[in-house]
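Here's the letter readout for the chains.
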Amino acid sequence: MALLNILEAVNKTLEQQLENDPTVVVFGEDVGYEGGVFRATAGLQKKFGEDRVFDTPISESAIVGAAVGMAINGLRPVAEIQFDGFVLPAYNQIVSHVARMRNRSRGKYNLPLVIRMPYGGGIRALEHHSEALEVLFAHIPGLKVVIPSTPYDTKGLLTASIKDPDPVIFLEPKRIYRAFRQEVPDEEYIVPIGKAKVVKTGSDLTIITWGSLVRETEKAIQELKKENISVELIDLRTIAPLDVDTIIESVKKTGRVLIVHEAYKSFGPGAELVSLINERAFFSLEAPPTRLAGFDVTVPLPRGEHHFLIKSSQIVHEARKLVHFLP
């Protein structure tokens, strides 16, 4: 066992997969010599050489396009997009080719590739460095979308993503890259894609969240516990595919649900979850399914970012309203 933070878990996982599978290659802007902006790939080029870990031109479309060609010819590329907001020039490649190749070829070709990128706000960054864009990928058939919240899950989910026969968008919440450490096994293991985690069990309210907001929700739960409010916390871990059974089972038990996410509220992932819950657990509900989400504005620059990011106090406020709701 090693005590790792999320960033270190990414690095150790990539190292292990490069060691175990000669078809794995890692690349992106500044990924090789510098080890990436956040040093997620530090030391990998020195150990595995420039043929396995290498820098690319500053062209996200070219990075993803090259990954398509590699994957279709037998490699398992792990491509890094330097920041989530920079992925938009590559969106055409992702939607037109990455997501569709299996369908287009009627199953003859599949693309076992991973596109990694730092995700979300919380580091007082510049414009296009703090987006939460999971819904842009989850909306597209043919893509899996993974967002870990702990070092243990990071290693298990990234391992599963690299081994998956189909493309995975792997979003790493940069706000908690170095926030805490956790024991992570040295040996290879897998956390299944598409399986949510019930972090805490409870009876009064279900809170569904993912990424860095799992930690904020855990802080809120400690406050709510003082008021004898029992919260069941679900960390989705995978946005696509959704673990529908875990979600519905929990909501039917508690009768109340709060969905917390950093992405913009309008047409966001919370809207899909509310619809799903209304369709499958409507008669178990004791209060309206509620979303606590990012404002429908461009993520502010550093001076105003704290107004945008969701805090535990907001989660506590919304949870109280739901638990004490009267028709």
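Everything numeric here is computed off the predicted structure, so don't read it as measured data.

Asker: Quick rundown of a negative patch on the surface? Include the residues and the values.
Answerer: On the surface, Asp30, Glu50, Asp51 and Asp55 cluster together into a negatively charged patch. Tracing the chain through its elements places aspartate 55 in strand 3 (residues 53-55).

Asker: Explain helix 7 (residues 151-163) to me, using residue names and the numbers behind them.
Answerer: For helix 7, spanning 13 residues, the distance from its first C-alpha to its last is 18 Å, which sits close to the expected 18 Å at 1.5 Å a residue. Where burial is concerned, most of helix 7 is hidden: 11 out of the 13 residues are buried. Taken together, the buried positions of helix 7 are Pro151, Asp153, Thr154, Lys155, Gly156, Leu157, Leu158, Thr159, Ala160, Ser161 and Ile162.

Asker: Before we move on, could you go through the sheet that holds strand 4 (residues 76-80) and cite the residues and values that matter?
Answerer: Overall, mixed pairing links the 7 strands, which are arranged 3-2-4-5-7-6-12 in an open sheet. At either margin of the open sheet sits one strand with a lone partner, and together these are strand 3 and strand 12 (238-240). Across the sheet, the mean angle separating the axes of adjacent strands is 20 degrees when strand polarity is ignored. Along the sheet, helix 1 (residues 6-20) contacts strand 2 (24-28), strand 3, strand 4, strand 5 (114-119) and strand 7 (168-173); its crossing angle with strand 2, the most-contacted strand, is approximately 135 degrees. Lying on the sheet, helix 7 is in contact with strand 2, strand 4, strand 5, strand 6 (144-146) and strand 7; it crosses strand 7 at an angle near 160 degrees.

Asker: Give a description of the side chain of glutamine 45 that names residues and reports values.
Answerer: Along the chain, glutamine 45 turns up in helix 2 (residues 44-48). Polar contacts involving the side chain of glutamine 45 include one to the main-chain carbonyl oxygen of valine 53, which spans 2.9 Å. Those residues in contact with glutamine 45, other than ones at most four positions away along the chain, are Gly32, Tyr33, Glu50, Val53, Phe54 and Asp55.

Asker: Requested: an account of the pairing of strand 11 (residues 231-235), with residues and values cited.
Answerer: In terms of residue burial, strand 11 counts as a mostly covered element, since 5 of its 5 residues are buried. Residue alternation in strand 11 divides its side chains into two sets, Val231, Leu233 and Asp235 and Glu232 and Ile234, and both sets are buried. Pairing geometry for strand 10 (residues 205-209) and strand 11, over 5 bridges, is parallel. The residue bridging isoleucine 207 from the neighbouring strand is leucine 233, located in strand 11. Between the parallel pair strand 10 and strand 11, the chain is carried across by helix 8 (residues 213-225), and the sense of this crossover is right-handed.

Asker: Could you give me a rundown of helix 9 (residues 244-254), with the residues and numbers involved?
Answerer: For helix 9, the full list of buried residues reads Val244, Thr246, Ile247, Ile248, Ser250, Val251 and Thr254. Check the buried side of helix 9 and you find it contacts strand 9 (197-200), strand 10, strand 11, strand 13 (257-264) and helix 10 (269-281). Glycine 255 lies just past helix 9 and shows a positive phi near 80 degrees.

Asker: Let's hear about the sheet that holds strand 11: which residues, and what values?
Answerer: Strand order in the open sheet formed by 5 strands is 9-11-10-13-14, and the pairing between neighbours is mixed. Two strands bound the open sheet, and with one partner strand each, they are strand 9 and strand 14 (290-294). Between one strand and the next, the sheet's axes are offset by a mean angle of 25 degrees, whatever the strand orientation. Across the face of the sheet, helix 9 comes into contact with strand 9, strand 10, strand 11 and strand 13 while running at roughly 170 degrees to strand 11.

Asker: Summarise the packing of aromatic side chains; cite the residues concerned and give the values.
Answerer: All told, the structure shown has 8 aromatic pairs when counted by the stated rule. Taking 6.1 Å as the distance between ring centres and 65 degrees as the angle between the ring planes, the aromatic pair formed by tyrosine 91 and phenylalanine 137 counts as edge-to-face. Taken as a pair, tyrosine 91 in helix 4 (residues 91-98) and phenylalanine 137 in helix 6 (residues 134-138) lie far apart in primary sequence, 46 residues in all. Ring centres of tyrosine 264 and phenylalanine 308 lie 6.3 Å apart, and the angle between their planes is 80 degrees; this geometry places the pair in the edge-to-face category. With tyrosine 264 in strand 13 and phenylalanine 308 in helix 11 (residues 305-308), this pair connects stretches of sequence that are 44 residues apart. In this structure tyrosine 264 comes out as partly exposed when scored by relative accessible area, which is 29%.

Asker: Can you explain the packing of helix 9 against helix 10? Please cite residues and give values.
Answerer: Helix packing for two helices is described by the angle between their axes and how far apart those axes are. It is the contact of helix 9 with helix 10, at a shortest axis distance of 10 Å, that shows an interaxial angle of 65 degrees. Here helix 9 and helix 10 pass one another in a crossing that is right-handed. Of the residues in helix 10, those in contact with Val244, Ile247, Ile248, Val251 and Lys252 of helix 9 are Leu273, Leu276, Ile277, Arg280 and Ala281. Considered class by class, the residues forming the contact of helix 9 with helix 10 number 8 nonpolar, no polar and 2 charged.

Asker: Run through the packing of helix 3 (residues 60-72) against helix 4, naming residues and quoting values.
Answerer: Two numbers describe how helix 3 lies on helix 4: the axes approach to 8 Å, and their chain directions differ by 20 degrees. The angle between helix 3 and helix 4 falls in the class roughly parallel. Both helix 3 and helix 4 take part in a crossing whose hand is right-handed. Every residue of helix 4 that contacts helix 3 at Ser61, Val64, Gly65 and Val68 is listed here: Gln93, Ile94, His97 and Val98. Within the contact of helix 3 with helix 4, the residues separate by chemical class into 4 nonpolar, 4 polar and no charged.

Asker: Got a sec to walk through unusual backbone geometry? Specific residues and values, please.
Answerer: Between alanine 240 and proline 241 the backbone carries a cis peptide bond, its omega angle lying at 0 degrees. Here arginine 237, not a glycine, exhibits a phi torsion of approximately 65 degrees, which is positive. The topology assignment puts arginine 237 in the loop between strand 11 and strand 12. When its relative accessible area of 8% is taken as the criterion, arginine 237 is described as buried. Of note in this structure, phenylalanine 267 is not a glycine but carries a positive phi near 60 degrees. Tracing the backbone through its elements, the reader meets phenylalanine 267 in the loop between strand 13 and helix 10.

Conventions and cut-offs
Residues numbered from 1 in each chain as written. Predicted model: local features only at pLDDT ≥ 70, side-chain atom pairs only at ≥ 80, totals over all residues. Heavy atoms only, no water. Patch = residues over 30% accessible without salt bridge, like charges linked within 9 Å, V, L, I, M, F, W, Y side chains within 5 Å. Areas by Shrake-Rupley, 256 points an atom, 1.4 Å probe, with all protein chains shown as cover. Salt bridge = Lys/Arg side-chain N within 4 Å of Asp/Glu carboxyl O. Lys, Arg positive; Asp, Glu negative; His and termini not counted. Charge placed at Lys NZ, Arg CZ, Asp CG, Glu CD. Helix = DSSP H or I, 4+ residues; strand = E, 2+ residues; numbered from the N terminus. Expected span 1.5 Å × (residues − 1). Buried < 20%, exposed > 50% of the residue type's maximum accessible area, 1.4 Å probe, protein only. Pairing = 2+ DSSP bridges. Axes fitted to C-alpha atoms, helices over the stretch in contact; angles between N-to-C directions. Contact = heavy atoms within 4.5 Å. Polar contact = N/O pair within 3.5 Å; in protein donor to acceptor, adjacent residues only side chain to side chain. Right-handed = clockwise from strand over helix to strand, strands pointing away. Phe/Tyr/Trp six-rings, centres within 6.5 Å; stacked < 30°, edge-to-face > 60°. Left-handed = near helix turned anticlockwise from the far one by under 90°. Nonpolar A, V, L, I, M, F, W, Y, C, P; charged D, E, K, R; others polar. Parallel < 35°, antiparallel > 145°, perpendicular 65-115°, else oblique.

Interpretation note: all reported values are geometric properties and have no functional meaning in isolation.
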